[in-house]
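Summary of structural features
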Amino acid sequence: MSITKKDVLHAADLARLELTAEEQDLYTGQLSRILDYVEKLSELDTTGVAPTTYTVPLKTVLRADESRPSLPHEEALSNAPDFGRDCFKVPKIIE
Amino acid sequence: MDLNSLTIHALSEKLSKKEVSSVEATKAYLERIGAIDDKIKAFLVVTADEALRQAEEADKRRAQNNNVTLLTGVPISVKDIFCTKGIRTTCASKILAGFIPPYDSTVVARLKEAGAVILGKNNMDEFAMGSSTENSAFQKTANPWALERVPGGSSGGSAASVAALECAASVGTDTGGSIRQPAALCGVVGFKPTYGRVSRFGMIAFASSLDQAGPFTRDTIDSAIMLKAMAGFDPKDSTSIDAPVPDYLSEIEKGVKGLKVGIPKEYFIEGMDVEVEASVREALKILEKEGAVLVPVSLPHTEYAVAVYYLVATAEASSNLARYDGVKYGLRVNESRNLLDMYKKTRDSGFGGEVKRRIMLGTYSLSAGYYDAYYKKASEVRTLIKNDFETAFKACDVIATPTTPTPAFRFGEKVADPLTMYLSDIFTISCNLAGIPGVSVPCGFTKGMLPIGLQILGKPLDETTVLRAARAYERAAGGTLQAPAL
């Protein structure tokens, strides 16, 4: 399954990446070669095979509904590029 | 220099006999780092003051005989993927430049609790994506055995720091071979535990169903000591296994008499390095001489492992790395028109080429219309790979293979074609997909003095037998500790 530049631009948009023209061409070529390689999986008939997403049995882990200490706000905000009034600050969302 | 080449257990003995103090050992390692790390570049951060403070604390603990473990006062380093409270943690990425975690990862907290002294943070491939440590945004780490060659990756700084005698041990992570492959290429012991054995809390996520932390050490006894300190249930990691952690040391010298060692034919392939194959076959003979029974086994889906891995790991990565958006921590590119523009500019300038490539691949294979053909198909084949191991382990106790198809390669040799780089992990990837434990033990050198690794894989949660087999080989091979001339 070959990948086109249009596919690359779509994936980049979904991944919130802004690619330069050069990167667009590079990734189109490289991703095509990787996808050609993984195509070999289609040699295998996996009808009726259950997928493995985790190798340990996963169950929903619940803890007792009790309050407990958590990271103080000032520490949680300590790495923020911008903050104020106890909140993370971001550029305008709605024009 | 003598002090620097000691194993953990030898140093620990000297510490307990008061022949040396932790402060002295820590100073010796800091001096060594100061003297040679401009050649090796294994460290991104050296925390000298903090290390000396921890060493003083450890000496006090030993003097008062207060909660002393084998690791109390032993200087180690950790891969920069582990959050360390108050100490810069970047995952070798520009997008986390300047990030100071407000808490310790569970692994670091447990090692500190045991009394280990943390010397600093090791270089790595950005977000653990790579097999040569060339993808670090900050520096290239050299292989201590051949400075023009890579140390392997992604935990290349950890492996190199142990090989270059810059620390007594280190901690790395292994998603597709990132502990075992650099351990093999640098001539040290690298252990990847069963998935879920060691907590992932505070370990920066790459592929959550595959990532697992483990130690780099000079021998297998040290590996058992480190593993014991790191392992065990953690309520902060929902995939952490709630099972007792055995005393790995108590069984490690039991030998391999009667132990069935599976030899999978799919791991001795056309095109692998002849010296690597010869060394590994020699190691198998030694195991046989020690009383192990070599059993031919088959892992028929091995050839599909790399394809499965690069779909599963990139899909998980594309989701995990969505958190780097310039809002809560790390880099933000400011000259943005709006929020969306800020996300895109920040991520584009913060991530390196390999990380972007993997995010793109993962995003594409999870996107509408492709999910069934790629991610779902890969997860089904993952079941077949896991089943291969279950079947093989009915006929044997452990499986022995080469860790890598070749010894350390030169800088730049595999950079141009990502697929060639990916294929250097063919012998290590299946273990992560199946979630089983595995170790790489040094098994000799090429004529050009490049280290070679023997890989031993075990049943889920059976780290004990893996260590026992690895130790039996190490002891019989008479592995006097070798260090590169630097």
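Below: a short report on this structure. Predicted, not measured: the structure shown is a model, and the values here were computed from it.

Let us look at the overall build of chain A. Broken down by element type, chain A carries 3 helices and 2 strands. The helix and strand sequence of chain A, counted from the amino end, reads α-α-α-β-β. For 95 residues, the compact-globule estimate of 2.2 N^0.38 gives 12 Å, and the C-alpha radius of gyration of chain A, at 22 Å, exceeds that figure by more than 25%.

Okay, the interface of chain A and chain B next. Taken together, the 42 residues of chain A in the interface contact 51 residues of chain B. Every element with two or more residues in the side of chain A that touches chain B is listed here: α1 (5–14) and α2 (21–38) of chain A. Per element, the largest residue contribution to the side of chain A that touches chain B is 7 residues, and it comes from α2(A). When the residues that make up the side of chain A that touches chain B are grouped by side-chain class, the tally is 28 nonpolar, 7 polar and 7 charged.

So, on to the pairing of strand β8 (residues 293–297) of chain B. Residues and elements named next belong to chain B. With 5 bridges connecting them, strand β7 (residues 260–264) and β8 associate as parallel partners. What sits directly across from P264, in β8, is V297. You can see the chain leave β7, run along helix α9 (residues 274–289) and come back into β8, and the turn it takes is right-handed.

It is worth spelling out the sheet that holds strand β2 (residues 75–79) of chain B at this point. Residue and element names in this part refer to chain B. Overall, mixed pairing links the 11 strands, which are arranged β1-β3-β2-β4-β6-β5-β10-β11-β9-β7-β8 in an open sheet. Edge strands, defined here as strands with exactly one partner in the open sheet, are β1 (43–46) and β8. Pairs of neighbouring strands in the sheet enclose a mean axial angle of 30°, with direction left out of account. The sheet contacts of helix α2 (residues 22–40) involve β1, β2 and β3 (117–122), and relative to β3 the element is tilted by about 20°. Packed on one face of the sheet, α9 meets β7, β8, β9 (398–402), β10 (438–445) and β11 (451–458) and runs near 150° to β9.

A few words on the nonpolar core. Ranked by internal contacts, the top residues of the largest apolar core, which has 160 residues, are B:I76, B:V308, B:Y310, B:L311, B:M360 and B:I456. Top contributing element to this core by residue count: helix α10 (residues 305–320) of chain B, with 11 residues. Beyond its immediate sequence surroundings of up to four residues, B:Y310 is in contact with A:I34, A:V38, B:L361 and B:Y422.

Quick look at the packing of α10(B) against helix α13 (residues 372–392) of chain B now. A pair of packed helices can be characterised by two numbers: the angle between their axes and the separation between those axes. Residues and elements named next belong to chain B. Packing of α10 against α13 leaves a shortest axis separation of 9 Å and a crossing angle of 130°. Our classification of the angle between α10 and α13 gives oblique. As for the relative orientation of α10 and α13, their crossing is left-handed in sense. The residues of α13 that touch α10, namely those facing A305, V308, L311, V312 and A315, are Y374, Y375, A378, S379, V381, R382 and I385. Among the residues making up the contact of α10 with α13, the classes are represented as 10 nonpolar, 1 polar and 1 charged.

All names here are of chain B. Relative to the 22 Å expected for 16 residues at 1.5 Å per residue, helix α3 (residues 48–63) spans 22 Å between its end C-alpha atoms, a close match to the ideal helical length. For α3, the full list of buried residues reads A51, Q54, A55, A58, D59 and R62. Projected down its long axis, α3 carries its buried residues within an arc of 145°, all on one side. For α3, the exposed residues lying more than 90 degrees away from the buried face are D49, K60 and A63.

All names here are of chain B. With respect to the helices, strands and loops of the structure, R88 is situated in the loop between β2 and α4 (106–114). Overall, the presence of 16 C-beta atoms within 10 Å leaves R88 in the partly exposed class. Residues contacting R88, with those up to four places away along its chain left out, are V45, G98, F99 and I100.

What follows is about unusual backbone geometry. A cis amide bond links B:G153 to the next residue, B:S154, at an omega of 10°. Residue position: B:S154 is located in the loop between β3 and α5 (156–163). Of note, the phi angle at A:R85 is positive, near 45°, even though the residue is not glycine. Look at B:L461: it is not a glycine, yet its phi comes out positive at around 65°.

What counts and what doesn't
- Residue numbers here run from 1 along each chain, matching the order of that chain's written sequence.
- For naming, the first written chain is A and the first written ligand is 1, with later ones following in the order written.
- Local features in this predicted model are restricted to residues of pLDDT 70 or higher, and side-chain atom pairs are both shown and tallied only at a pLDDT of 80 or more, whereas totals for entire chains, interfaces and linings draw on every residue.
- Put simply, DSSP marks the helices as runs of H or I at least four residues long and the strands as runs of E at least two long, and each gets a number from the N terminus on.
- Computation of the radius of gyration draws on C-alpha atoms alone. For the globule rule, the value is 2.2 Å times the number of residues to the power 0.38.
- Placing a C-beta atom from the backbone of each residue, one calls two residues in contact when those atoms lie within 7 Å.
- Charged residues are taken to be Asp, Glu, Lys and Arg, nonpolar residues to be Ala, Val, Leu, Ile, Met, Phe, Trp, Tyr, Cys and Pro, and polar residues to be all remaining types, Gly included.
- Note on pairing: two strands pair once DSSP finds at least 2 bridges between them.
- By convention, a crossover is right-handed whenever its connection, traced from the first strand over the helix to the second and viewed with the strands pointing away, goes clockwise.
- Axis geometry follows a simple rule: fit a line to the C-alpha atoms, using only the stretch in contact for helices, then measure angles between N-to-C directions, giving values from 0 to 180 degrees.
- In plain words, the nonpolar core is the set of buried Ala, Val, Leu, Ile, Met, Phe, Trp, Tyr and Cys residues that C-beta atoms within 7 Å link up.
- Our exposure labels follow a C-beta count within 10 Å of each residue's own C-beta, placed from the backbone: buried means 20 or more other C-beta atoms, exposed means 12 or fewer, and partly exposed covers the counts in between.
- Angular relationships are summarised with four words: roughly parallel below 35 degrees, roughly antiparallel beyond 145, roughly perpendicular across 65 to 115, and oblique for the angles in between.
- Each crossing gets its hand from how the near helix is turned against the far one by less than a right angle, where anticlockwise is left-handed and clockwise is right-handed.
- Every helix has an expected span of 1.5 Å times one less than the residues it contains.
- Taking the helix axis as origin, the arc is that swept by the directions to the C-beta atoms.

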